[in-house]
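# Observations on chain architecture
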Number of protein chains: 2
Amino acid sequence: MNRRSIIRLSKYKNTLQRLKAMGFVKVFSDNLADALGIRSTQVRKDFSQFKITGNKRGGYIIDELLEKILRILGKTSIQRVVLVGIGNIGRALLHYKGFENEGIEIDSAFDINPDKQTGRDDISVYPMEQLVGYIQKEKIEVAVIAVPDIAAQRVFDLLLQAGIKGVLNFAPIRLRGPEQIPVTNVNLVLEIENLFCFVNAKKEE
Amino acid sequence: MNRRSIIRLSKYKNTLQRLKAMGFVKVFSDNLADALGIRSTQVRKDFSQFKITGNKRGGYIIDELLEKILRILGKTSIQRVVLVGIGNIGRALLHYKGFENEGIEIDSAFDINPDKQTGRDDISVYPMEQLVGYIQKEKIEVAVIAVPDIAAQRVFDLLLQAGIKGVLNFAPIRLRGPEQIPVTNVNLVLEIENLFCFVNAKKEE
DNA sequence: TTTATATTGTGAATAATATCACATAATAAA
DNA sequence: TTTATTATGTGATATTATTCACAATATAAA
């Protein structure tokens, strides 16, 4: 199972949810390919990998397809995460509407200063000392690291100690830890630099 | 020139800047490989692609290497971007310290409601009507789209009309436009879903 | 000096990913 | 019914990215 097809699976899901909301019943690999800007063979190859089958000449029934994809993505129950660090990014995440709609819930937040406000009365802020215990007690599997880079590795070590299973990291450093714990990095500076580099390269062509 | 090596170039830059700050003078491809969690051949292949050469048995002089990389990344002058949309994410970006340190400047912000405050007196907010004119007058090349998904394509069209050269898009939709304008998507829901999927896959192994 | 050693730079091999080509089957038309 | 058409599903192929293998060479040691 490769990473890229999982990412696409999540995109198929979005497209399918929109189509469903619009009242569509069937969809062809060609439609999904258009929506994602890829080839239809890629769509079918992806489905093939995940043992998703459609109907020869009939395409796919959106409801069935969506259900299968949601199961593969583990979207059968609420996906709870903890947020570590209530700075600019942490606060933005706390107010971001996109998560709730997709069944992702920020269960609670942690900060060295637990007096920081989340601005949401349904999400409590706990001091860092309670991070490990909370994760273990509540069986949280995924954490978001939104602390300054200097603190990120320390937080990651705590999370590992607590038995976390996956991490989304906003700090611009590579977190070191066991191979089998997936860490996804979001680095905004890097993305913008990357963009400028492409823009400059285009100019010289 | 492939996208992945440019991303790595940006990471090499960070590592080199840290090493320089620590007083180091030389670096080996092996050191950089360790820092990024890749192989040293990859590092050398990347450099080779960008015509960066070192010294047989002597590694690379950090100052020289850094200078070359900064030039390739177009970091010889301030990289100005405009921000479109002052919601949660937009506001987080406005307050994010990471940009300034890396020579990236949010030049100005745009929103349908120009009364929105940036919280920074050095960054003005303009109404959406002025977006196209401003970009043209100020020769802005890169824009950040941080508006709701429903408005994203419309904003992108305006940016294209203004002659934008690259876009960082936070809206969870695929923006349609000419092939040659690079669009980088940051989709937080997708990243978290992806993570959960990996976590679940690991459990079944 | 000569020899040993460490590191770069790169063509070739391998691995990962995407696309093509086409057999297969379901539906619609004749 | 039979034939034509339209999608799927997948083995084969092409493309892209990474790693290997090793020649070239600079430095240090003998």
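Residues numbered from 1 in each chain as written. Chains lettered and ligands numbered in written order. Predicted model: local features only at pLDDT ≥ 70, side-chain atom pairs only at ≥ 80, totals over all residues. Heavy atoms only, no water.

## Concerning the protein's contact with DNA strand D
Taken together, 21 residues lie near DNA strand D, and Ser-29, Arg-44, Gly-54, Lys-56 and Arg-57 of chain A sit nearest. For DNA strand D, the fraction of protein-proximal atoms (within 4 Å) that sit in sugar or phosphate groups is 57%. Within the side chain of Tyr-60 of chain A, one N or O atom sits 2.7 Å away from a phosphate oxygen of DNA strand D. Separating a phosphate oxygen of DNA strand D from a side-chain N or O atom of Arg-39 of chain B is a distance of 3.1 Å. Looking at the surface near DNA strand D residue by residue, the class counts come to two nonpolar, nine polar and 10 charged. (Near = heavy atom within 4 Å. Polar contact = N/O pair within 3.5 Å; in protein donor to acceptor, adjacent residues only side chain to side chain. Nonpolar A, V, L, I, M, F, W, Y, C, P; charged D, E, K, R; others polar.)

## Focus on the sheet that holds strand S6 (residues 142–145) of chain A
Spatial ordering of the open sheet is given by S5-S4-S3-S6-S7-S8 (chain A), a layout of six strands whose pairing is parallel. Among the strands making up the open sheet, the edge pair consists of strand S5 (125–127) and strand S8 (183–185) of chain A. Pairs of neighbouring strands in the sheet enclose a mean axial angle of 25 degrees, with direction left out of account. Pairing of strand S3 (residues 79–84) of chain A with strand S4 (residues 104–111) of chain A, which is carried by six bridges, proceeds in the parallel orientation. Bridge assignment links Val-82 of chain A to a residue of S4 of chain A, and that residue is Ser-108 of chain A. Of the strands in this sheet, S3, S4 and S6 of chain A are in contact with helix H5 (residues 88–95) of chain A, which crosses S3 of chain A at around 155 degrees. Contacting S3, S4, S6, strand S7 (166–169) and S8 of chain A, helix H9 (residues 188–204) of chain B crosses the sheet at an angle of about 160 degrees to S7 of chain A. (Pairing = 2+ DSSP bridges. Helix = DSSP H or I, 4+ residues; strand = E, 2+ residues; numbered from the N terminus. Axes fitted to C-alpha atoms, helices over the stretch in contact; angles between N-to-C directions. Contact = heavy atoms within 4.5 Å.)

## A word on the environment of Leu-190 of chain A
Among the structural elements, Leu-190 of chain A can be located in helix H9 (residues 188–204). Using a relative accessible area of 7% as the deciding quantity, one classes Leu-190 of chain A as buried. A C-alpha to C-alpha distance of 30 Å links Leu-190 of chain A and Val-125 of chain A, two positions 65 residues apart in sequence. Among residues more than four places away in sequence, those in contact with Leu-190 of chain A are Ile-7, Ser-10 and Lys-11 of chain B. (Buried < 20%, exposed > 50% of the residue type's maximum accessible area, 1.4 Å probe, protein only.)

## Details of the packing of aromatic side chains
All names here are of chain B. The tally for this structure, following the rule as stated, stands at 12 aromatic pairs over all chains. Centre to centre, the rings of Phe-110 and Tyr-126 are 5.5 Å apart; their planes meet at 35 degrees, and the pair counts as tilted. Taken together, the positions of Phe-110 in strand S4 (residues 104–111) and Tyr-126 in strand S5 (residues 125–127) put the pair 16 residues apart, joining distant regions of the chain. Take Tyr-126: its relative accessible area is 24%, and that puts it in the partly exposed class. (Phe/Tyr/Trp six-rings, centres within 6.5 Å; stacked < 30°, edge-to-face > 60°.)

## A closer look at the domain arrangement of chain A
Taken as a whole, chain A is organised into domain 1 (3–72) and domain 2 (79–190). Here the C-alpha centroids of domain 1 of chain A and domain 2 of chain A sit 31 Å apart. (Domains from an automatic or database assignment.)

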